[in-house]
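Spelled out from the first residue to the last, the chains are:
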Amino acid sequence: MIEASKRQTLSNLVRLRYADTPGFLDTTQLISGYQLQRNVFLGVASDTFPIRPNGGLAAQLQESPTFTFQPVTGDAYAHNFLRPLPPASLLPLAMGGLPIDVLLRLSVQSINIMSNNRPFSRNSGDLDATVESHSVDFFSLVHDLRLLQAAGLLNIQLQKNSSTTGKDVENSHVFMSISSTTDPNLSRIVDRTRKQLNFSSKHDRMEVVYGVGQPEPGQIKLLTRSMLSILGQIAYQIQIPDDEVSSGNTRKAVDIPGNHGETPLMDIHSGHKEPANAFVSILYDHYYYWIERGDFESKLAFTITQMLLELSKTTLNPGAVVTIPVNK
């Protein structure tokens with residue numbers, strides 16, 4: 001099931017790259033059926049003397065699992081893939097140890113006025129000095145946040161409302177604070193990061209809220225992305241074979257100035273030959289697409305994307321289901 005989920009995610013990334021319709025299936029039930037067959041035979045050898053009996057015992061265990069899939073459509077599709085991820089659901093993932101720079105580069109469009117611009121959503125003619133500067137600030141900020149996280153100086157607290165149930169995390173409040181340090185190198189990063197996020201002596205911690213633009217005092221605004229936007233941003237960075245571009249099946253990814261030397265979070269390869277050592281691979285339009293097993297950074301970004309997909313899922317009432325028996 002895990003491998004099938006990985007292939008579904010990669011397939012949807014490639015389909016989006018080709019302007020094809022993505023499809024999502026949730027595994028709602030797995031039933032394992034077992035059948036045990038036993039055979040016993042007994043006989044005698046008539047051509048020997050004295051007569052000797054012979055026999056044997058044979059057994060066979062057969063497994064027949066049945067998978068039940070539910071297509072994600074309607075309200076569930078809108079909730080899962082078109083709704084921006086709430087900061088209160090997103091940031092606690094960094095509390096669990098996920099690299100905050102990768103997490104924010106994937107899931108956040110902007111922090112205050114600092115923009116995580118990507119070529120998927122703009123043309124080179126739209127660039128100006130202000131946008132360029134804000135993009136530089138974004139990547140500088142998430143890099144510093146990662147350094148502070150690794151040093152144990154970045155703190156994220158989730159505060160539930162008194163009326164919030166145990167499962168209702170979205171309506172909770174999430175706060176960010178940055179601890180001081182005597183290390184001179186880290187101290188400079190602490191000061192720089194606090195300044196970028198508008199920390200002041202009146203606010204030892206800042207509430208992270210959904211929004212864009214200049215924040216209110218004591219707040220940090222996060223414009224988060226929907227899952228469809230996250231997948232689309234990754235998809236547009238996939239390097240497609242030249243003949244697929246020349247045939248009109250898809251467009252070439254444009255490397256627009258303003259990415260500031262940031263490499264793609266996920267390096268997805270393509271070729272006619274099936275890869276020998278892939279972390280995940282799929283076949284689409286006569287080409288294999290895959291992530292190398294030895295590419296740790298791409299695997300990490302892909303795994304975080306998988307986690308975000310699970311985080312976005314809802315428990316709305318199921319619609320149509322597809323049941324597939326598998327014989328082994």
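Refer to the preceding data block for the structure.
In short, a report on the structure. Since the structure is predicted, the reported quantities are computational estimates derived from the model, not experimental observations. (Residues numbered from 1 in each chain as written. Predicted model: local features only at pLDDT ≥ 70, side-chain atom pairs only at ≥ 80, totals over all residues. Heavy atoms only, no water.)

Attention now goes to the overall build of the chain. The helix and strand tally for the chain stands at ten helices and twelve strands. Burial status across the chain gives 40% buried among its 328 residues. Counting only contacts in the chain whose residues sit at least 6 apart along the sequence, the fraction spanning at least 24 positions is 66%. Carbon and sulfur atoms make up 53% of the accessible area of the chain, which amounts to about 18,200 Å² in all. (Helix = DSSP H or I, 4+ residues; strand = E, 2+ residues; numbered from the N terminus. Buried < 20%, exposed > 50% of the residue type's maximum accessible area, 1.4 Å probe, protein only. Contact = heavy atoms within 4.5 Å. Areas by Shrake-Rupley, 256 points an atom, 1.4 Å probe, with all protein chains shown as cover.)

For the rest of this paragraph, the subject is the sheet that holds strand S10 (residues 278-284). Pairing in this open sheet of three strands is antiparallel, and the strands run S9-S11-S10 from one edge to the other. The open sheet has two edge strands, strand S9 (269-271) and S10, and neither has a second partner. The average angle at which neighbouring strand axes cross in this sheet is 25°, direction not considered. The sheet contact formed by S9 and strand S11 (residues 287-292) spans three bridges and is antiparallel. In the strand pairing of S11, Gly-271 is matched with Tyr-288. The sheet strands contacting helix H1 (residues 2-17) are S10 and S11, and the helix crosses S10 at an angle near 55°. (Pairing = 2+ DSSP bridges. Axes fitted to C-alpha atoms, helices over the stretch in contact; angles between N-to-C directions.)

Turning to the packing of H1 against helix H10 (residues 296-312), a few remarks are in order. Where H1 meets H10, the closest approach of the two axes is 11 Å, and the angle between their N-to-C directions is 100°. Between H1 and H10, the angle falls in the class roughly perpendicular. For the pair formed by H1 and H10, the contact residues are Ser-5, Lys-6, Thr-9, Leu-10 and Leu-13 on the first element and Phe-302, Gln-306 and Leu-309 on the second. Partitioned by chemical class, the residues of the contact of H1 with H10 number four nonpolar, three polar and one charged. (Parallel < 35°, antiparallel > 145°, perpendicular 65-115°, else oblique. Nonpolar A, V, L, I, M, F, W, Y, C, P; charged D, E, K, R; others polar.)

Here the focus is the pairing of strand S7 (residues 206-210). Most of S7 sits out of view: four of its five residues are buried. As paired strands, strand S6 (residues 173-178) and S7 are joined by three bridges and run antiparallel to one another. Residue Met-176 lies in a different strand from S7, and its bridge partner there is Met-206. Inspection of the sheet shows S7 paired to strand S8 (residues 219-224) by four bridges, in the parallel sense. Bridge pairing in S8 links Glu-207 to Gln-219.

Attention now goes to the packing of helix H8 (residues 227-235) against H10. For the pair H8 and H10, the least separation of the axes is 10 Å and the interaxial angle reads 160°. One element, H8, and the other, H10, form an angle in the roughly antiparallel class. Relative to H10, H8 is oriented so that their crossing is left-handed. Contacts from Met-227, Ile-230, Leu-231 and Ile-234 in H8 reach Thr-305, Leu-308, Leu-309 and Ser-312 in H10. Partitioned by chemical class, the residues of the contact of H8 with H10 number six nonpolar, two polar and no charged. (Left-handed = near helix turned anticlockwise from the far one by under 90°.)

With the rule as written, the count across this model stands at three salt bridges. Linking Asp-144 and Arg-192 is a salt bridge whose minimum nitrogen-to-oxygen distance equals 2.8 Å. Highlighted residues: Asp-144 in helix H6 (residues 129-150) and Arg-192 in helix H7 (residues 184-196), separated in sequence by 48 residues. Overall, Arg-192 belongs to the partly exposed group, its relative accessible area being 39%. (Salt bridge = Lys/Arg side-chain N within 4 Å of Asp/Glu carboxyl O.)

A word on H8. Among the nine residues that make up H8, seven are buried, leaving the element largely enclosed by the rest of the structure. All of the buried residues along H8 are Met-227, Ile-230, Leu-231, Gly-232, Gln-233, Ile-234 and Ala-235.

We now examine the sheet that holds S7. If you walk across this open sheet you meet the six strands as S4-S3-S8-S7-S6-S5, and the pairing is mixed. A strand with exactly one partner marks an edge of an open sheet, and here the two such strands are strand S4 (114-115) and strand S5 (154-159). The strands touched by helix H5 (residues 100-107) are strand S3 (108-111), S5 and S8; relative to S3, the strand with the most contacts, the crossing angle is about 105°.

Before going further, it helps to spend a moment on H7. Under the 1.5 Å per step criterion, the end-to-end length of H7 is 19 Å for 13 residues, consistent within 8% with the ideal 18 Å. N-cap assignment for H7: the residue whose side-chain oxygen lies 2.9 Å from the backbone N of Asn-185 is Asp-183. Directly beyond the C-terminal end of H7, a positive phi value near 65° is found at Asn-198. (Expected span 1.5 Å × (residues − 1). Polar contact = N/O pair within 3.5 Å; in protein donor to acceptor, adjacent residues only side chain to side chain.)

This part is about unusual backbone geometry. Even without a glycine there, the phi angle at Asn-112 is positive, about 55°. For Asn-112, the location among the structural elements is in the loop between S3 and S4. The class of Asn-112 is buried, set by a relative accessible area of 3%. The phi dihedral of His-286 falls on the positive side, at around 70°, and the residue is not glycine. Note on placement: His-286 falls in the loop between S10 and S11. Relative accessible area serves as the criterion here: at 65%, His-286 is assigned to the exposed category.

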